[in-house]
There are 2 protein chains.
Amino acid sequence: MPESKIQQAPHKILAIPGPIEVTNEVLDAISQPPMSHVSPGFVKIFRECMDMTRQVLYTTTGMPFIIAGSGTLGWDEVSSNLVEPGEAALVVNTGYFGDGFSDCLRAYGASVDHVRAPLGDVVPSIEIEKALKKRKYKIIVVTHVDTSTGVLSDVKAVAKIARKVSPEILVIVDGVCSVASEEIRMDDWDIDVVLTASQKGLGTPPGLSILVASARAIKVFENRKVPVTSYYASWQKWLPIMRAYDSGSPAYFATPPVNMVYAYHASLKQITVGLEERFRAHQRASERIKAVAKQLGYTQIPKRPSIAANGMTAIYVPDGFAPKEIIPRLTEHGIVVAGGLHKEVKDKYIRIGHMGTSVVDERRGDVETIEKALKASVRK
Amino acid sequence: MPESKIQQAPHKILAIPGPIEVTNEVLDAISQPPMSHVSPGFVKIFRECMDMTRQVLYTTTGMPFIIAGSGTLGWDEVSSNLVEPGEAALVVNTGYFGDGFSDCLRAYGASVDHVRAPLGDVVPSIEIEKALKKRKYKIIVVTHVDTSTGVLSDVKAVAKIARKVSPEILVIVDGVCSVASEEIRMDDWDIDVVLTASQKGLGTPPGLSILVASARAIKVFENRKVPVTSYYASWQKWLPIMRAYDSGSPAYFATPPVNMVYAYHASLKQITVGLEERFRAHQRASERIKAVAKQLGYTQIPKRPSIAANGMTAIYVPDGFAPKEIIPRLTEHGIVVAGGLHKEVKDKYIRIGHMGTSVVDERRGDVETIEKALKASVRK
């Protein structure tokens, strides 16, 4: 790799819940000339990405699938590889992304039931347990952080209940807005699939679908009775490829996005230096931003601090203000934030992302900039 | 955009049939800090990518779909949106990629027939006509350049026969290894879908699936009877998004790969400056490389010069040599080439890519380097 280090041009801080700010090292990596996807150099980088992805999720036995796509592609992987047409899925639904995952499951023929949380809340364990006892489910799906509301579900608890009631169930965590910003201990918590994307806690531009499957999930896949009902998302195609790269050999199904993989590698190298400190940095930044917002009259969508995400903040704007005036003011003061996404309250709230280098590298001063912009946003 | 221009570190020329060498401008674009996928700045870039994609294919009415993925994802789009389970597809099969597309069609429930060319040849028009008269097909699929053999099909002629026999048929061109290195006039030739990827003639790193659908194809899609059988590849999801960006507004289904889109935009700006001259540059380079190879005792896989691709060369190594000794010699002399892929002759030939900036920017001297390396490869 050449020694030239990219210096980013001055720009407003990207403080939406993904894509996020990335480091100079990540941009330096993404701008390397493409190399052959079957070269020893690329195989090494890809293999290290697989290993570091495992580290981030505290798993030694999980099988990573790293594919050109968005987080959504992970839904297709689960729906077409792990559920056979007619089989039942239980969705622990905390909002927009629970609805989306359900649509995807149904598109591939699953029979989907929901246990729904009210807006801003999580589903009580007792309701999940009740639902699990009523019907035999192949999988249970939970969104770790619903990016539409900033609600954080207790996936460890969900996995525990599910495993207790239904030992063979596959526990699927949609970690698109949580991986590397919230702790996930895949092996200890006995989770079967964590799926995510590159552009949030993982600090890489968007363009990679990243999924890790447990040995149990792979076994269920290998024992399925009917052929996989997708092609680009099919593990029949990808599993031999991932196994080959994992053992140090190249293999070909579809051309991997080599520059995106360089970028992901560079980011993972920075992330895996200190995971626990990284989670703490997210918690500290989140507490600071949420406290300032509260002082200013903003109200959290999540109903209690214990169910609020650490990588983002979803807040109703103060009385007398509207997102459509607040958002441009925030931009004027240096930060780009996102509008509402949950259909019930779309025009009443804003979403601020605070993940990755923005909260880990204090020299950047991004958290201070977010705080200052919030203060300016409600100044008369 | 900042003025800093990336200078690529010295490296061996990537002369495989994709990914290929890219320009400094493309790497400069890909290394910009990510921006919000719903910002006006990004909407403008995405919209221009759609327009320039149309230009490359000489269509004014086609609808582009630009999605994070590989070329293979285009197969899923066709198979799950345009063919309903049980409907018939005719595959004009010239090798590895015809087999792959068929697998994909079958995964989504299509009934697939083939007309097969012998290795190194195309399917005679008369056989295609005969097949079309025997059964009513929803779509006919043809691989423009089969990357496994370098065979170039006459897609204009295939479209003409298909339309004559079966006016309502959808003509699908797999242009992964041909778009921007071979002429394709989508409107004039009455082609319904061209699908491709970013990393070949389009001169961008891999990671984008690019597909353009005719108004006829969109209408067939909109009139389908059963729901689309995929999710990430579903036009039910993507068509409203693409229409929104096309009219200058953002919309959200899955996060677009913003840095990849910057890179694609930078490459399209360079490509659309002079398309016809670009095709001629590919032809000139191809003739030169093929002539040198012939002098040295290499033999083309394509049986006649008229059916050989202009963006790549697939050649049997001379008697007394093996790819496994030739390939490292070529690397030693500065070029990275690919091994065989077609199962019948996998260990007897090599593949050289000569697309994009390597053949368009003569100052690089890449064609000369390829010629010199080929000469050195058979020196005793």
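Residues numbered from 1 in each chain as written. Chains lettered and ligands numbered in written order. Predicted model: local features only at pLDDT ≥ 70, side-chain atom pairs only at ≥ 80, totals over all residues. Heavy atoms only, no water.

Brief notes about the packing of helix α11 (residues 275-295) of chain B against helix α14 (residues 366-377) of chain B
Residue and element names in this part refer to chain B. Interaxial distance between α11 and α14 falls to 10 Å at its minimum, and their mutual angle equals 10°. As judged from the angle between their axes, α11 and α14 are roughly parallel. Residue-level inspection shows Ala285, Arg288, Ile289, Val292 and Ala293 of α11 in contact with α14, the latter providing Val367, Glu368, Ile370, Glu371, Leu374 and Lys375. Looking at the contact of α11 with α14, its residues break down into 7 nonpolar, no polar and 4 charged. (Axes fitted to C-alpha atoms, helices over the stretch in contact; angles between N-to-C directions. Helix = DSSP H or I, 4+ residues; strand = E, 2+ residues; numbered from the N terminus. Parallel < 35°, antiparallel > 145°, perpendicular 65-115°, else oblique. Contact = heavy atoms within 4.5 Å. Nonpolar A, V, L, I, M, F, W, Y, C, P; charged D, E, K, R; others polar.)

A few points about the sheet that holds strand β3 (residues 88-93) of chain A
Residues and elements named next belong to chain A. The sheet built from 7 strands is open, its strands ordered β2-β10-β9-β8-β5-β3-β4 with mixed pairing. The sheet terminates laterally at β2 (63-68) and β4 (111-116), the two strands that pair on one side only. Across the sheet, the mean angle separating the axes of adjacent strands is 20° when strand polarity is ignored. Bridge analysis of strand β8 (residues 170-174) against strand β9 (residues 193-197) gives 3 bridges, and the strand direction is parallel. Bridging across to β9, isoleucine 172 finds its partner in valine 193. (Pairing = 2+ DSSP bridges.)

So, the relation of the copies chain B and chain A
The operation relating chain B to chain A is a screw motion whose rotation component is 180°, with 0.0 Å of axial translation and a residual RMSD of 0.0 Å. What we have between these two chains is a two-fold relation. Proximity to the rotation axis, assessed at the C-alpha, singles out glycine 69 of chain B in chain B; its C-alpha lies 2.4 Å from the axis. When the interface residues of chain B are mapped onto chain A, 100% of them again lie at the interface, so the same face is used by both copies. (Least-squares fit on C-alpha atoms with pLDDT ≥ 70 in both.)

Examining the domain arrangement of chain A
Residues and elements named next belong to chain A. Here chain A is partitioned into domain 1 (13-20 + 275-378) and domain 2 (24-272). For domain 1 and domain 2, the distance between their C-alpha centroids amounts to 26 Å. Facing the 30 residues of domain 1 at the interface are 33 residues of domain 2. Carbon and sulfur atoms supply 61% of the area that domain 1 and domain 2 bury against each other, a total of about 2,500 Å² over both sides. For the interface between domain 1 and domain 2, the tally reads 3 salt bridges. For the salt bridge of aspartate 121 with arginine 304, the shortest nitrogen-to-oxygen distance reads 3.0 Å. On inspection of domain 1 and its partner domain 2, the count reaches 11 residue pairs in polar contact (both at pLDDT 80 or more). (Domains from an automatic or database assignment. Buried area = accessible area lost by both parts, 1.4 Å probe. Salt bridge = Lys/Arg side-chain N within 4 Å of Asp/Glu carboxyl O. Polar contact = N/O pair within 3.5 Å; in protein donor to acceptor, adjacent residues only side chain to side chain.)

Some thoughts on helix α10 (residues 258-271) of chain B
Residues and elements named next belong to chain B. Here α10 contains 14 residues, and its C-alpha end-to-end distance of 20 Å stays within 8% of the 20 Å for a straight helix at 1.5 Å per residue. For α10, a buried count of 12 out of 14 residues is recorded, marking the element as mostly surrounded by other parts of the structure. When α10 is considered as a whole, its buried residues turn out to be Val258, Asn259, Met260, Val261, Tyr262, Ala263, Tyr264, His265, Ala266, Ser267, Leu268 and Ile271. (Expected span 1.5 Å × (residues − 1). Buried < 20%, exposed > 50% of the residue type's maximum accessible area, 1.4 Å probe, protein only.)

Description of the nonpolar core
Counting residues in each nonpolar core, the largest one holds 226 residues, and the members touching the most others are Phe65 of chain A together with Phe65 of chain B. For phenylalanine 65 of chain B, the residues in contact, after removing those within four places along its chain, are Glu77, Ser209, Ile210, Leu211, Ala213, Ile218, Trp235, Trp238, Leu239 and Met242 of chain B. (Core = buried A, V, L, I, M, F, W, Y, C linked by side-chain atoms within 4.5 Å.)

Observations concerning the packing of aromatic side chains
On inspection of all chains with the given rule, the structure shows 28 aromatic pairs over all chains. Centre to centre, the rings of tyrosine 96 of chain A and phenylalanine 97 of chain A are 4.9 Å apart; their planes meet at 65°, and the pair counts as edge-to-face. Looking at tyrosine 96 of chain A, the relative accessible area reads 29%, which means it is partly exposed. Among the aromatic residues, ring-to-ring pairing joins Trp75, Tyr96, Phe97 and Phe101 of chain A together with Tyr231, Tyr232, Trp238, Tyr252 and Phe253 of chain B into one connected group. One cation-aromatic arrangement involves arginine 185 of chain A over tyrosine 58 of chain A; the distance from NZ or CZ to the ring centre is 3.9 Å. (Phe/Tyr/Trp six-rings, centres within 6.5 Å; stacked < 30°, edge-to-face > 60°. Lys NZ or Arg CZ within 6 Å of the ring centre and 35° of its normal.)

A short note on the UniProt feature "binding site: substrate" (unreviewed entry) in chain A
Residue and element names in this part refer to chain A. Taking the numbering used here, the UniProt-annotated feature "binding site: substrate" (unreviewed entry) corresponds to Arg351. Checked against the element boundaries, arginine 351 lands in strand β15 (residues 349-353). Residue classification places arginine 351 among the buried residues on the basis of a relative accessible area of 9%. The residues contacting arginine 351, other than those within four sequence positions of it, are Ala15, Pro17, Thr147, Ser148, Met312, Thr313, Ala314, Val337, Ala338, Gly339, Gly340 and Leu341. Within the structure, arginine 351 has its side chain in polar contact with the backbone oxygen of threonine 147 (distance 2.9 Å). (UniProt positions renumbered as here; feature names shortened; annotations may be inferred.)

Overview of the UniProt feature "domain: Aminotransferase class V" (unreviewed entry) in chain A
Within the UniProt annotation, "domain: Aminotransferase class V" (unreviewed entry) is assigned to residues 71-342 of chain A. End C-alpha to end C-alpha, residues 71-342 of chain A measures 18 Å, and it is 40% helix and 18% strand.

Structural notes on the interface of chain B and chain A
On the chain A side, the residues contacting the 55 residues of chain B number 55 residues. Approximately 3,800 Å² of surface area, both sides summed, lies buried where chain B meets chain A, with 70% of it carried by carbon and sulfur atoms. It is Pro34, Tyr231 and Tyr232 of chain B in chain B that bury the most area against chain A; as a group they hold 16% of the surface buried on that side. Run the count over chain B and chain A and you get 2 salt bridges. Between lysine 237 of chain B and aspartate 103 of chain A there is a salt bridge, with its nearest N and O atoms 3.5 Å apart. Put simply, the parts of the chain that give the side of chain B that touches chain A at least two residues each are α1 (24-30), α3 (72-81), α4 (96-107) and α10 of chain B.

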